[in-house]
Amino acid sequence: MSLSSGLEGIVAAETILSEVDGEAGRLVLRGHRLQDVAGHRSLEWLIGTLWTDLVPAPTDEPTLRAALGEARLAAFDSVAPLLPHAARLAPIEALRLLLAAVPDDHKAAPLHLVAAVAVGLAAVLRTRAGSPAIAPDPRLGHAADLLRMIRGANPSDAEVAALETYLITATDHGLNASTFTARVVASTRAGLASAVTAALCALKGPLHGGAPGPVIDMLDAIGSPENAEAWLDAALQRGDRLMGFGHRVYRVTDPRSDVVKRAVMALGGAAGRIRFAEHIEQAALAVLARRKPARSLQTNLEFYTALLLEALEIPRDAFTGVFAAARVVGWIAHAQEQMAAQRLIRPQSRYVGPLPRAA
Ligand code: ACO
């Protein structure tokens, strides 16, 4: 049996949800190119499209939007007793706690889980800042309400559009590490809340969804354009990874990066910051090409995500939680798809330890 330690090149599932074409730099979401959805459709439209015939929830856009609004209200009540403890944790760990409290036999688990991530994240951020959590407004779209609950004030239409574009872009992405985790847990028939909680744990790491906060740390540490090359070179010399660069599948470009970059540019107001980031990006690509010539390492989703979430005044340690607010949609769809496939995921390991002595 051949060994693939990171499972690269192994196909472990068939899915109708998304296609990640690494050679073409293309992402298809259930038959639609990412570029044709982000900025053109609502998040609720995409949730309904991804979930159709897979997830037990309404999937036509207006009904789903109303049901998700009601689910946010219900989630606000159910997370409230856990907030004092959750708010003492890092936001992503707080979400881990809140999701772990959702029963697997919750009657409306799919919408409740989507709602709980958004409502829980906002409530945790408010609580730790010493402010009361803000109740959801079920009449709003999910992106608008998430931003309003975090910020405590109504965001502008442009801000909502930017966040919605990001959430759409991050909703689903083939068999990434967290989605694979969701499918593994779902394949054991453990239940949807368990699958989603496990997926969140996989998302947390800096090689996956934990990257965007450290992107801002990197920009801060570099400080000014003239430091870029020396700083980046020294980081690679130490064996560090540059956050926001590289991808397991994409070789030419990560199409999500372009979409999110356009969204942050459309926001306006951060032109100087974007120019600085572009300078760092070019310097990083040059240093990576020089030091890692064997591998095509390009900008990934997380680099401009960090700038977008920073421009929306979201605290940097909450960036991964916002990512989770999007990806939970994909985790649920994949978990349901895996459950329908009725196949336990159970690969093998190759034993390289000592053998028992012959009797
Ligand atoms: N910075 C420096 N070197 C890198 C980077 C990077 N960002 N990415 C890959 N490399 C190097 C590796 O060190 C390795 O070099 P070597 O062959 O000299 O040892 C080579 O490129 C291949 O690396 P792998 O680990 O095989 O690449 P893999 O496909 O497993 O990694 C990953 C993908 C984890 C995303 C990687 O590119 C990385 O660590 N990036 C930084 C973290 C990041 O941005 N994460 C977000 C990913 S996007 C998302 O999850 C939504």
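Thresholds applied
- Residues numbered from 1 in each chain as written.
- Predicted model: local features only at pLDDT ≥ 70, side-chain atom pairs only at ≥ 80, totals over all residues.
- Heavy atoms only, no water.
- 1 Å grid on protein atoms, 1.4 Å probe; cavity = no way out; pocket = protein on both sides within 12 Å on 5 of 7 lines; lining within 4 Å.
- Points joined across faces, edges and corners; volume = space filled by probe spheres on them.
- Nonpolar A, V, L, I, M, F, W, Y, C, P; charged D, E, K, R; others polar.
- Buried < 20%, exposed > 50% of the residue type's maximum accessible area, 1.4 Å probe, protein only.
- Helix = DSSP H or I, 4+ residues; strand = E, 2+ residues; numbered from the N terminus.
- Contact = heavy atoms within 4.5 Å.
- Axes fitted to C-alpha atoms, helices over the stretch in contact; angles between N-to-C directions.
- Left-handed = near helix turned anticlockwise from the far one by under 90°.
- Pairing = 2+ DSSP bridges.
- Lys, Arg positive; Asp, Glu negative; His and termini not counted.
- Salt bridge = Lys/Arg side-chain N within 4 Å of Asp/Glu carboxyl O.
- Domains from an automatic or database assignment.
- Buried area = accessible area lost by both parts, 1.4 Å probe.
- Polar contact = N/O pair within 3.5 Å; in protein donor to acceptor, adjacent residues only side chain to side chain.
- Near = heavy atom within 4 Å.
- Areas by Shrake-Rupley, 256 points an atom, 1.4 Å probe, with all protein chains shown as cover.
- Sits in = over half its atoms within 2 Å of the grid points.

Student: Describe empty space enclosed by the protein, and please don't skip the residues or the numbers.
Tutor: Rolling a probe over the atoms, with the probe sized like a water molecule, indicates the empty space that remains. The final tally for this structure, using the stated rule, is one cavity of 30 Å³ or more. Of the pockets and cavities examined, the largest cavity occupies roughly 40 Å³. Class assignment for the residues of the lining of the largest cavity results in one nonpolar, six polar and one charged.

Student: Help me get a handle on helix α7 (residues 142-151), residues and values and all.
Tutor: Of all the 10 residues making up α7, nine are buried; the element is thus mostly covered by neighbouring parts of the structure. Taken together, the buried positions of α7 are H142, A143, A144, D145, L146, L147, R148, M149 and I150. Contacts made by the buried residues of α7 are with α2 (43-51), α3 (61-79), α6 (109-128), α8 (157-169) and α16 (319-341). Where α7 terminates, the next one or two residues include G152, which has phi positive at roughly 80°.

Student: Describe the packing of α8 against α16, and please don't skip the residues or the numbers.
Tutor: For any two helices packed against each other, the geometry comes down to the angle between their axes and how far apart the axes lie. Where α8 contacts α16, the two axes come as close as 8 Å, and the packing angle between them is 60°. Judged by the sense of rotation from one axis to the other, the crossing of α8 with α16 is right-handed. Taking contact as the criterion, the partners of L163, Y166 and L167 in α8 are, on α16, V322, F323, A325 and A326. Here the residues of the contact of α8 with α16 sort into seven nonpolar, no polar and no charged.

Student: So what's going on with the pairing of strand β2 (residues 26-29)? Which residues, and what values?
Tutor: Bridge analysis of strand β1 (residues 18-21) against β2 gives four bridges, and the strand direction is antiparallel. Its bridge partner being in β2, E19 is matched across the sheet by V28. Hairpin remark: β1 followed by β2, antiparallel, with four residues in the connecting loop; positive phi at G25, about 65°. Looking at chain direction, β2 and strand β3 (residues 32-33) are connected through two bridges and run antiparallel. Bridge pairing in β3 links V28 to R33. Joining the antiparallel neighbours β2 and β3 is a turn of two residues, in which R30 adopts a positive phi near 40°.

Student: Talk me through the side chain of E302; I want residue IDs and the actual numbers.
Tutor: Following the sequence through the fold, E302 ends up in helix α15 (residues 301-311). There is no salt bridge for the buried E302, and the closest opposite charge comes from R256, which lies 7.2 Å off by N-O distance.

Student: Can you explain the domain arrangement of the protein? Please cite residues and give values.
Tutor: Domain annotation for the protein reports domain 1 (13-206 + 317-341) and domain 2 (212-311). A buried area of about 1900 Å², summed over both sides, lies between domain 1 and domain 2, and 77% of it is on carbon and sulfur atoms. The interface formed by domain 1 and domain 2 includes three residue pairs in polar contact (both at pLDDT 80 or more). When residues of the side of domain 1 that touches domain 2 are traced back to their parent elements, those giving at least two are β1, β2, α1 (34-37), α8 and α16. Of the residues forming the side of domain 1 that touches domain 2, the biggest block, seven residues, is contributed by α8. Residues belonging to the side of domain 1 that touches domain 2 are distributed by class as follows: 14 nonpolar, six polar and five charged.

Student: So what's going on with the environment of G213? Which residues, and what values?
Tutor: Mapping G213 onto the fold places it in helix α11 (residues 212-222). Spatially, the C-alpha atom of G213 lies 9.1 Å from that of E310, the residues being 97 residues apart in sequence. In this structure, G213 is in contact with R316 and F319, ignoring residues within four places of it in sequence.

Student: Break down the site of the ligand for me, citing the residues and quoting the values.
Tutor: The full set close to the ligand counts 21 residues, and L242, G244, F245, R295 and N300 are the nearest of them. R248 has a polar side-chain atom sitting 2.9 Å from an oxygen atom of the ligand. Relative to its unbound accessible area of 920 Å², the ligand is 77% covered by the protein chains. Judged by the proximity of its atoms to the pocket grid, the ligand belongs to the largest pocket.

Student: Give me the lowdown on the layout of surface pockets, citing residues and values where you can.
Tutor: Approximately 1600 Å³ is the volume attributed to the largest pocket. Every element with two or more residues in the lining of the largest pocket is listed here: β1, α9 (177-187), α15 and α16. By residue class, the composition of the lining of the largest pocket is 21 nonpolar, 14 polar and 11 charged. In this structure, the lining of the largest pocket is formed jointly by two domains, domain 1 (13-206 + 317-341) and domain 2 (212-311), each of which donates at least three residues. Lining the second largest pocket are 15 residues, and of these M1, S2, L7, P347 and Q348 lie nearest its centre. Tallied by class, the residues present in the lining of the second largest pocket amount to eight nonpolar, five polar and two charged.

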